There are 2 protein chains.
Amino acid sequence: MTNATNEMTVAETRKLVDWAVRLKFSDIPQSTVDKTKRLFADWVFCAFAGAGYRTIDGLKAVADETGGAATGACSTFVGDKRPPYWAAYINAGAGHVVEQDDLHNASVVHPATVVFPAAWAAAQNKGASGAEFIAASIVGYEVACRVGRLLGREHYRIFHSTATAGTLGAAAATARILGLDAEKTLDALGSAGTQAAGLWQFLATAADSKQVHCAHAAGTGVQSAFLAKHGVTGAHDILLGPQGLFAGMSKGTPDASVLPFDGLYEVDATSFKFHASCRHTHPSADALLDILTENNLSPDDIARVDCGVHQSALDVLGPAEGAASVHQSKFSMGFVLGTIANGRSAQLADFSDARLEDPAVRAFQKKVHMYLDPKVDGAYPAKWTALVKVTMKDGRTFDKFMETPKGDPGNTLSDDELLAKWHKLIGYAESSVDVDKLAKELLVLETRPSMDGLI
Amino acid sequence: MTNATNEMTVAETRKLVDWAVRLKFSDIPQSTVDKTKRLFADWVFCAFAGAGYRTIDGLKAVADETGGAATGACSTFVGDKRPPYWAAYINAGAGHVVEQDDLHNASVVHPATVVFPAAWAAAQNKGASGAEFIAASIVGYEVACRVGRLLGREHYRIFHSTATAGTLGAAAATARILGLDAEKTLDALGSAGTQAAGLWQFLATAADSKQVHCAHAAGTGVQSAFLAKHGVTGAHDILLGPQGLFAGMSKGTPDASVLPFDGLYEVDATSFKFHASCRHTHPSADALLDILTENNLSPDDIARVDCGVHQSALDVLGPAEGAASVHQSKFSMGFVLGTIANGRSAQLADFSDARLEDPAVRAFQKKVHMYLDPKVDGAYPAKWTALVKVTMKDGRTFDKFMETPKGDPGNTLSDDELLAKWHKLIGYAESSVDVDKLAKELLVLETRPSMDGLI
């Protein structure tokens, strides 16, 4: 009886897995392949920019001291090659730390930095081709984003979905590279789901857990697929079972219909990040930018800015409003709008120790207020919008409803804009990477016989 | 404001950490040292018995394929030495798989198999002495068990507390070996708490996650302490913050007063397991054993057995009642009482593939029924009791209320009984380990200058 019950609730997960196992590279639309390559390239340049950060030094030291020698088949952004678990662990943190990696709106998952490091490490370990890497990554995006959609807003109130749903995405991508069948892929997802973790609590004191979460998700995802390969079973009903992920870490009634692949690739629904701040600030940042530009306003003449946002923005940005560190300042709506107001920009170079001391930004920060807007909240997470109202010292007001922020699928970055972003990332890291050359290589990824030699 | 709020709710965690950092070996009562050595020895023999299991082969294969070469300072039960993360990962699984390792009643945590592998690996890596290992293990027990008590019964309904609270215990023990100060120990707990995971869903299909959970907890605990050593910060308020562990993974109102050390060592409140089955079956097994022995009853004459149990027994044992595998059979109340009825024993050798086919056990299994008994449930988890009623085919009935099952601190195993258990474990594994010699060495652990050369 137990197993029969299990088969009923596991049905939608099984459909997703059956699709993942059967997907052929030749079935994937060229536009989806093209988008995947750009998302990967975008993540690679983010990881170069983040590799020198203190937190990534910490991940590397943990790998060195607790994991053994830095020898293996898998490239890392800290300049060595390692076994797949540790390569995924380090690269996942590196890809996320500058907060410029992609975002899938409906799931509020940053898929690149959990799926790509796992798929890449597994591909190098196995000698898989660029095309196989792309197919595995697409599988990873589907699983991470669909699990994130299933867990939903109630989950995201407390849990960092990139970390939790991301563990399953990393496991699915690795399982695909390993060529696991549907049963073993379900085992891999079971092991991944029962190890999925990541709480938002670190935000309140600007602790370093966001990168640790990504490292954990990608690394544990890799482990979970290898566990399945070696016959270690997992709960196939990990998502919807009575003691599974949704039951333990979400609320309400799950909508299992989001799980099976429905012909719309989650890769195509993923946004590039334009600003270097938390994505929850982007709709308001774009709205303010438009108001300032269209009306040629000076920040000194502004008395107050009111941002109508969705609930998750309040949950995630609220604890960070003080902007006590560079990383936390990217999560402070006031600080982010302060950089927009004072420099018409919220790029990577706009967040720095020096900027934390900028009196003009700090003064503007105090003028910014968030409130829950029902229309904005109702559209979320399918659409990330904002209603911004600027009140001038002379009493004039300016409103802007931001329907589709820059970088969204409906307002995506052109290849020129992406290349400009990547140059900025590499310039910020003072790296000697030849951006144009690497970008060219990354955009013909499906022709590579292996994933070696990219960095 | 955010930080001030944080300091208010983090206060009780900070008290526990301050105690952990300041504890001197010479302050620990000899009886607590003695108990710790016995718990460690008990776990070591469990791990020898479990090291050859299929699931542990899987953990080893994952370490080999995703983690790199098996070289390092830390002993494993799979016959090699590895870096601390992987030694902790493999040994934690090995120590739990035969289900004979210890249990802390009030928290429903199996502390040995998450705390000892982390503390031992860290100690060997650092060259710490036996006395330092004991102190670190006691710190790990305090943290794992107090966090488990804090998370409570609502947490345990969905989450495997050994896995979740155990991650913090492993981190605390490692942090103590590393000599981290209070701030960095709080960082370690923050990283551990935000990576803590483990769902009961695997029980329903007898999947292998229980050992994976322990491997994850011990390994991630080690990583978390090393992260803190290298300056990676964590949320100090990970337990009680509004987006922390309790908020995300429990219900009701937390009782933070359980966190600070109150002079009563959790080591002293930890039970040895006598039977080889899930601890939730033990009070009923002991009660049935008494009824059978005192009245000299034959299983064939018994019509029905009713077990009045606590809710957690229903939650954990309910999904396993089918006893579809050897491991699941240890979680089936009917099956366990079937082995008691037919052999007056539920030791390791009583659970086997052959026994799964034993018609006498399977017939008795069908006679066993569990129900929620309010008195038993009210006493839990401080006390693990059961009210068993046997109804004979001739209509006679026999009742027994089991107040203190065998192995509990109030009914502990003597050194002779422990030695007999350890001989059984090694005999079961067909190992050549000299039980008497190793037991003697383990019981003078505090005199060892290092933790090398034990196995």
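Reading the values: rules and limits
Per chain, residue numbering runs from 1 following the sequence as it is written. Written order determines the labels here, with chains lettered from A and ligands numbered from 1. With the structure being a predicted model, the display of local features is reserved for residues of pLDDT at least 70 and the display and counting of side-chain atom pairs for 80 or more, all residues being used for whole-chain, interface and lining totals. The side-chain values count all of the structure's non-hydrogen atoms but skip hydrogen atoms and water molecules. Confidence scores here are pLDDT values: one per residue, from the predictor, ranging 0 to 100. Type-normalised accessible area, obtained with a 1.4 Å probe on protein chains alone, sets the label of each residue: buried when under 20%, exposed when over 50%, and partly exposed for intermediate values. Only DSSP runs of H or I with at least four residues qualify as helices, and only runs of E with at least two residues qualify as strands; both kinds are numbered from the N terminus onward. At least two bridges found by DSSP between two strands are what make those strands a pair. Classification of ring pairs uses Phe, Tyr and Trp, with its six-membered ring standing for Trp, and accepts pairs whose centres are within 6.5 Å; under 30 degrees between planes counts as stacked, over 60 as edge-to-face, and the remaining range as tilted. Only when the NZ atom of a Lys or the CZ atom of an Arg is both within 6 Å of the ring centre and within 35 degrees of the ring normal do we say a charge sits over the ring. A fitted line through C-alpha atoms represents every axis, and for helices the fit uses only the stretch in contact; the resulting angles, taken between N-to-C directions, go from 0 to 180 degrees. Oblique is the label for every angle not falling under 35 degrees (roughly parallel), over 145 degrees (roughly antiparallel), or within 65 to 115 degrees (roughly perpendicular). With the far helix as reference, a near helix turned anticlockwise by less than a right angle produces a left-handed crossing, and one turned clockwise produces a right-handed crossing. By definition in these notes, contact holds between two residues if any of their heavy atoms fall within 4.5 Å. Only protein atoms enter the 1 Å grid used here. Points where a 1.4 Å probe fits but cannot escape make up a cavity, open sets with protein on both sides within 12 Å along at least five of seven lines make up a pocket, and a residue lines them when an atom lies within 4 Å of a point. Grid points are joined across faces, edges and corners, and a volume is the space filled by probe spheres set on the points. The domain boundaries here were taken from an automatic or database domain assignment. Three classes are used: nonpolar for Ala, Val, Leu, Ile, Met, Phe, Trp, Tyr, Cys and Pro, charged for Asp, Glu, Lys and Arg, and polar for all others, with Gly counted as polar. Under this definition, polar contacts are N or O atom pairs within 3.5 Å; protein pairs additionally need one hydrogen-donor-capable and one acceptor-capable atom, and for neighbouring residues in sequence, both atoms have to be side-chain atoms.

A. Up close: the confidence of the model for chain A. Per-residue confidence for chain A averages 96 on the pLDDT scale, and 98% of its residues sit at or above 70. ipTM for the predicted complex: 0.95, alongside a pTM of 0.96.

B. Just the pairing of strand β7 (residues 386–392) of chain A, in detail. All names here are of chain A. For β7, a buried count of 5 out of 7 residues is recorded, marking the element as mostly surrounded by other parts of the structure. Strand direction decides the pairing type here: strand β5 (residues 302–309) and β7, joined by 6 bridges, are antiparallel. Of the residues in β7, the one forming a bridge with Gly-308 is Leu-387. Here β7 pairs with strand β8 (residues 397–402) via 6 bridges, running antiparallel. Residue pairing for β8: Val-388 is matched across the bridge by Lys-400.

C. Region of interest: the packing of aromatic side chains. Residues and elements named next belong to chain A. With the rule as written, the count across this model stands at 48 aromatic pairs over all chains. Look at Phe-45 and Trp-422: their rings are 5.1 Å apart centre to centre, the planes differ by 20°, and that puts the pair in the stacked class. Highlighted residues: Phe-45 in helix α3 (residues 30–50) and Trp-422 in helix α19 (residues 415–428), separated in sequence by 377 residues. Considered together, Phe-45 and Trp-422 belong to a single accessibility category, that of buried residues. Cluster of aromatic residues (ring-pair linked, three or more members): Phe-40, Trp-43, Phe-48, Phe-77, Phe-116, Trp-120, Phe-133 and Tyr-141. Above the ring of Phe-401, the side-chain terminus of Lys-375 is found at 4.0 Å from the ring centroid.

D. Seen up close, the packing of helix α6 (residues 112–126) of chain A against helix α10 (residues 209–229) of chain A. Residues and elements named next belong to chain A. At a minimum axis distance of 8 Å, the contact between α6 and α10 shows a crossing angle of 45°. In terms of their interaxial angle, α6 and α10 are classed as oblique. Along this stretch, α6 crosses α10, giving a crossing that reads as right-handed. Contacts between α6 and α10 involve Thr-113, Val-114, Pro-117, Ala-118 and Asn-125 from the first element and Cys-214, Ala-217, Ala-218, Val-222 and Phe-226 from the second.

E. Fine view of empty space enclosed by the protein. Within the structure shown, the criterion is met by 4 cavities of 30 Å³ or more. Of the voids in this model, the largest cavity is the one considered here, and its volume is about 70 Å³. Lining the largest cavity are 13 residues, and of these Leu-103, His-110, Tyr-156, Cys-278 and His-280 of chain B lie nearest its centre. Two domains share the lining of the largest cavity, each providing at least three of its residues, namely domain 1 (2–271) and domain 2 (279–405) of chain B. In this structure, the second largest cavity is lined by 13 residues; those nearest its centre are His-110, Tyr-156, Lys-210, Cys-278 and His-280 of chain A. Taken together, the residues that form the lining of the second largest cavity break down as 7 nonpolar, 2 polar and 4 charged. Both domains that meet at the lining of the second largest cavity, namely domain 1 (2–271) and domain 2 (279–405) of chain A, each give it at least three residues.

F. Spatial organisation of the sheet that holds β5 of chain A. Residue and element names in this part refer to chain A. If you walk across this open sheet you meet the 4 strands as β6-β5-β7-β8, and the pairing is mixed. Two strands close off the open sheet at either side, each with one partner strand: β6 (368–372) and β8. Along the sheet, successive strands turn relative to each other by an average axial angle of 15°, direction set aside. Examined bridge by bridge, β5 and β6 share 5 bridges and lie parallel to one another.

G. Geometry of the sheet that holds strand β6 (residues 368–372) of chain B. Residue and element names in this part refer to chain B. Taken in spatial order, the 4 strands of this open sheet run β6-β5-β7-β8, and their pairing is mixed. Among the strands making up the open sheet, the edge pair consists of β6 and β8 (397–402). Ignoring strand direction, the axes of neighbouring strands in this sheet form an average angle of 15°. In this fold helix α12 (residues 282–295) packs onto β5 (302–309), β7 (386–392) and β8, with an angle of close to 135° to the strand it touches most, β8.

H. Region of the structure containing the environment of Ser-129 of chain A. Residues and elements named next belong to chain A. Note that Ser-129 resides in the loop between α6 and α7 (130–158). With 120 residues separating them in the primary sequence, Ser-129 and Thr-9 have C-alpha atoms 35 Å apart. Setting aside residues up to four positions removed in sequence, Ser-129 forms contacts with Arg-448, Pro-449, Ser-450 and Met-451. A distance of 3.1 Å separates the side chain of Ser-129 from the backbone nitrogen of Glu-132, its partner in a polar contact.

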